[in-house]
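Residue-level listing of the chains:
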Amino acid sequence: MRVLLPDSTELELPDGSTGLDAAAAIGPNLAKDAVLVRSNGRVQDLRLPLEDGQPIQILTTRDTDDPDALYVLRHSAAHLLAEAVRRLYPGTKIAIGPPIENGFYYDFEFPEPIGEDALERIEAEIERELEEGRSWEREEVSAEDAKRLFSEQGEDYKVELVDTAEGEISLYTQGEFTDLCRGPHLQDSKPIKALKLTGLAGAYWRGDEKNTQLTRIYGTAFFSQADLDAYLERLEEARKRDHRRLGTELDLFHLGEVSPGAPFWHPKGMVIWNVLEDLRRREDLRRGYAEVKTPLIFDKSLWETSGHWEKFRENMFLISDDERVSGLKPMNCPGHILIFGNRLRSYRELPLRLAEAGTLHRNELAGTLHGLTRVTHVTQDDSHIFCTRDQIEEEVLGCLDYSEYLYGLFGLEFRFELSTRPENRLGTDEEWDFTEGALRSALERRGLEYELNEGDGAFYGPKIDLHMTDSLGRSWQMGTIQLDSQMPARFGVTYVGPDNHEHTPYMIHRASFGSLERFIGILIEHYAGAFPVWLAPVQVRIIPVGLDHRDAARELAEKLDEFRVEVDDSDETVGKRIRNAEVEKIPYVLVWGDKESEDSIAVRTHGGEQSTKSLDELQAELRKASSVS
RNA sequence: GCCGGAGUAGCUCAGCUGGUCAGAGCAACGGUUUUGUAAACCGUAGGCCGUCGGUUCGAAUCCGACCUCCGGCUCCA
């Protein structure tokens, strides 16, 4: 057999050769340092036979940044973790332990609960394993043998995994520890030069909260101590971007115990909020949305009609007095449907696009709140488009365009997900074929890449969600486009078609920012608090050098009053006031003293760059920087 | 809701093997200084040590419950 090497040369090998054989044929050092084989984008264990005629690439311990090489390293590290836990805590059952982005974890069922201090002990045990050295043996067995092995060991979770496994069953053994595993793995533990256990958490077996909760131990591993140090440093840097921290430092908002999950917006945070609101209002107008406002509180009967009483009551804040039970709205759709249904509608009015930055309240499960990105007081830039079947695709395209335009303004990176019919759903299969097809077709017509999220749609229809990642790598759902063929029918709203008959409209739920709170949280992290001029709460700060310059500084501020300008004439040195402006991340600082005039203003931008500009030049520059789009 | 942590001045944190343990820096306030591109100097004030209960002669410190926050799981915009 022969394989193709990355430099395009061919390598002749005996039939049935493995990746390790290939590496050895090239050189003994390569064989020693090899961690896995990559072929056509697929990774493969070194111990497995190669396919004839295929290109291969041997990854080694020197590929320290390669995600595949790191995955293998961390996967093997997870097995060391499991071995250590089993030795230290007899009777512990092991579940699964995959590599993940930035590390790995392993899930266990401990006989007794463990605390965080256990991590040190376990880490020490892994260090001991590393000093001793471990090597991995791969073995393929029948499902029956695998089940026998694991049931003898009392490893119920592994037995269950064998039952649901597809394809070959393979085992990896290191030392006295054998695990069910598809691989690939390292040859031995030498490449694991740095390892750290990073956390402890509860996690449900197979991700289902109805199952038993296991204890998950998180860790990470690298090919060198320097890489681990660099990773920890990056984490620390990311923490500095955390919007919760910056929200306090920049005096944008605060959260208080008296109203969990409901932000108090401070003046500076409110500036950003209003810039976004203005932007949204302008775009809604431009794109043919009509703004409405609907009540916060609705009688229970409305929620029964909408289905929220049945499906969403757990997440609703309820109010009751002697007279009646009401609920604070968790969504705007019922209100908008009531506006649509308030009088007879004609097909000539469609598509009817109603928009509202509505205040919603959602009583989230304790333990899920998170700064601005997960709140109980949610402000959605919500709109509902009532349209005919034929209009759906065009409207979805319009929503996609809206989202891409908005996120483009901020230079945000995001990804689309298409969620399709869930098991628990309303409507016929034909209906779902049509609605899913319409969303897919709109995505494809715009040439957008998207991930398919099968079975994750709403009970009333499929949806396209826009997802983003925060500074610590957590993924958040932002905007959403949901196609709904059920809600209008539940409310019995109709329009009169050209055939003079009544028809039920389709409804598209669309939010572009998603929630203003979450969006601002993400924005703070995206800019690390250093907002561009058009978003910055304070755009320009003027610092008079001495007492004599105060009046001139105020005059200058007046000439720049189309911008958000402040004069800092506090009794501090110039150096201190500059520092304060830098710490507050104000984009423009103007120092005004004896040397300055309207023809020559000392300009300092955030970060320290200095220049001299005339008032006209400065105004032109600021106008450009503060305009949206 | 579940698992593991944590809650001490406005902020960041020390004190937490029970007994001068109510502490520091920054911020605030007062005074001196009038400043030229990231921190002038001196002083003052500020805390029911998250809340409630228990153990003890004595609790910020030990125990319990609750609240909130942090890291995850689940759920979600």
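What counts, and at which threshold
- Residues numbered from 1 in each chain as written.
- Chains lettered and ligands numbered in written order.
- Predicted model: local features only at pLDDT ≥ 70, side-chain atom pairs only at ≥ 80, totals over all residues.
- Heavy atoms only, no water.
- Salt bridge = Lys/Arg side-chain N within 4 Å of Asp/Glu carboxyl O.
- Helix = DSSP H or I, 4+ residues; strand = E, 2+ residues; numbered from the N terminus.
- Axes fitted to C-alpha atoms, helices over the stretch in contact; angles between N-to-C directions.
- Parallel < 35°, antiparallel > 145°, perpendicular 65-115°, else oblique.
- Left-handed = near helix turned anticlockwise from the far one by under 90°.
- Contact = heavy atoms within 4.5 Å.
- Nonpolar A, V, L, I, M, F, W, Y, C, P; charged D, E, K, R; others polar.
- Domains from an automatic or database assignment.
- Buried < 20%, exposed > 50% of the residue type's maximum accessible area, 1.4 Å probe, protein only.
- Pairing = 2+ DSSP bridges.

The next thing to look at is the pattern of salt bridges. This model, assessed by the stated rule, comprises 67 salt bridges. E237 is the partner of K240 in a salt bridge, and the nearest nitrogen-oxygen pair spans 3.3 Å. Pair noted here: K240 and E237 are both in helix α7 (residues 225-241), with a separation of 3 residues, about one helical turn. The network of salt bridges with shared partners includes E83, R87, E125, R128, E129, E132 and R134.

Packing of helix α9 (residues 267-286) against helix α16 (residues 516-526) leaves a shortest axis separation of 11 Å and a crossing angle of 115°. Relative to α16, the element α9 lies roughly perpendicular. Remark: the crossing between α9 and α16 carries right-handed chirality. Residues I272, W273 and L276 of α9 lie in contact with α16, whose contacting residues are L516, E517, F519, I520 and L523. Each residue belonging to the contact of α9 with α16 can be placed in one class, and the counts come to 7 nonpolar, no polar and 1 charged.

Partitioning chain A into structural domains gives domain 1 (2-55), domain 2 (67-137 + 184-237), domain 3 (249-523) and domain 4 (540-626). The distance between the C-alpha centroids of domain 2 and domain 4 comes to 53 Å.

With that settled, the discussion passes to the pairing of strand β22 (residues 377-387). When you tally the buried positions in β22, you get 10 out of 11 residues, the bulk of the element. In terms of strand pairing, strand β21 (residues 352-361) meets β22 through 10 bridges, oriented antiparallel. Bridging from a neighbouring strand, A357 pairs with D381 of β22. Two strands pair when backbone bridges link them, and β22 and strand β29 (residues 506-515) are joined in this way by 7 bridges, in the antiparallel orientation. Across the sheet, the residue bridging to Q380 is S515, located in β29.

Turning our eyes to something else, we now look at the sheet that holds strand β26 (residues 475-484). The 8 strands lie next to each other as β16-β21-β22-β29-β26-β25-β23-β24, forming an open sheet whose pairing is mixed. Bordering the open sheet on either side are β16 (290-291) and β24 (450-453), each of which pairs with just one other strand. The sheet contact formed by β26 and β29 spans 5 bridges and is antiparallel. In the sheet register, I481 faces β29, and the bridge partner there is R510. Contacts from helix α12 (residues 333-340) reach β21, β22 and β29 within the one sheet, and its direction differs from that of β22 by about 35°. Set on the sheet, helix α14 (residues 429-445) makes contact with β23 (415-419), β24, β25 (463-469), β26 and β29; between it and β23 the angle comes to about 165°.

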